[in-house]
Amino acid sequence: MARRLAPEESALWKKVAATVAPLTKRPAPLNPKAPPTIKPPKATVRAAAPAAAPRPSSPLPPPRRTWANSTLDSHWDRRLRKGLVRPDMSIDLHGHTLASAQALLDEAIGRGLLRGARVLLVVAGRLRPGADRLPQMHGDPRPRGAIRASLPDWLSVSPHADRIVALRPAHISHGGGGAVYVILRRGREE
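Since we're looking at a predicted model, the values are computed, not measured. (Residues numbered from 1 in each chain as written. Predicted model: local features only at pLDDT ≥ 70, side-chain atom pairs only at ≥ 80, totals over all residues. Heavy atoms only, no water.)

Draft legend 1. Just the pairing of strand β4 (residues 179-184), in detail. Of all six residues in β4, six are buried; the element is thus mostly enclosed. Residue alternation in β4 divides its side chains into two sets, A179, Y181 and I183 and V180, V182 and L184, and both sets are buried. In this structure, strand β2 (residues 119-123) lies alongside β4, joined through five bridges in antiparallel fashion. If you follow L121 over to β4, its bridge partner there is Y181. In this structure, strand β3 (residues 164-169) lies alongside β4, joined through five bridges in antiparallel fashion. Across the sheet, L167 pairs through a bridge with V182, a residue of β4. (Buried < 20%, exposed > 50% of the residue type's maximum accessible area, 1.4 Å probe, protein only. Helix = DSSP H or I, 4+ residues; strand = E, 2+ residues; numbered from the N terminus. Pairing = 2+ DSSP bridges.)

Draft legend 2. Seen up close, the sheet that holds β4. Spatially, the four strands line up as an open sheet ordered β1-β2-β4-β3, and their pairing is mixed. Since the sheet does not close on itself, it has two edges, and those belong to β1 (89-92) and β3, each with one partner. The mean inter-strand angle of the sheet, taken between neighbouring strand axes irrespective of direction, is 20°. Relative to β2, β1 runs parallel, the two sharing four bridges. Residue pairing in the sheet places I91 in a bridge with V122 of β2. Packed onto the sheet, helix α2 (residues 74-81) meets β2, β3 and β4 and runs at close to 150° relative to β4. In the packing of helix α3 (residues 98-115) onto the sheet, contacts are made with β1, β2, β3 and β4, and the angle to β1 comes to roughly 170°. (Axes fitted to C-alpha atoms, helices over the stretch in contact; angles between N-to-C directions. Contact = heavy atoms within 4.5 Å.)

Below, the structure is given as structure tokens:
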């Protein structure tokens, strides 16, 4: 319930009210126009395309394996995830072109196999979202993370592909998202 004004408050209110001019009425807002209707384009009947010419074969053979699905012993996977496996060798591919990085990787795998290495740490940089699609800004035609994105394909066409067991993300202590482990099959003692 509102209280009543005291006589001095009422007099003050009357003085203030006398100085205020009433607002002028604004014109009513215009009714918004309905958006114009757009007619859909007429469907055109296309003639059947002529038989496609056979595609030229790719310069690279098709990948021989899928590294993401290769299986390791669960004990190995657990030790890799926890960072308990120490890499036998490591290689850093930063600053290389795609061609030189692939050649260096094949060379390192070959050296590792000769030395009897089991785990090769490959530092290639972080994979950026869309690395296989978008070029880097500032005029660099090579996308960020292109080397890292290319690793599975390179390993599948490597001359040592039959000796590569798996490709796994590296533990944070070995480079995390910027590195991967390449697990090699040890040669048989003869």
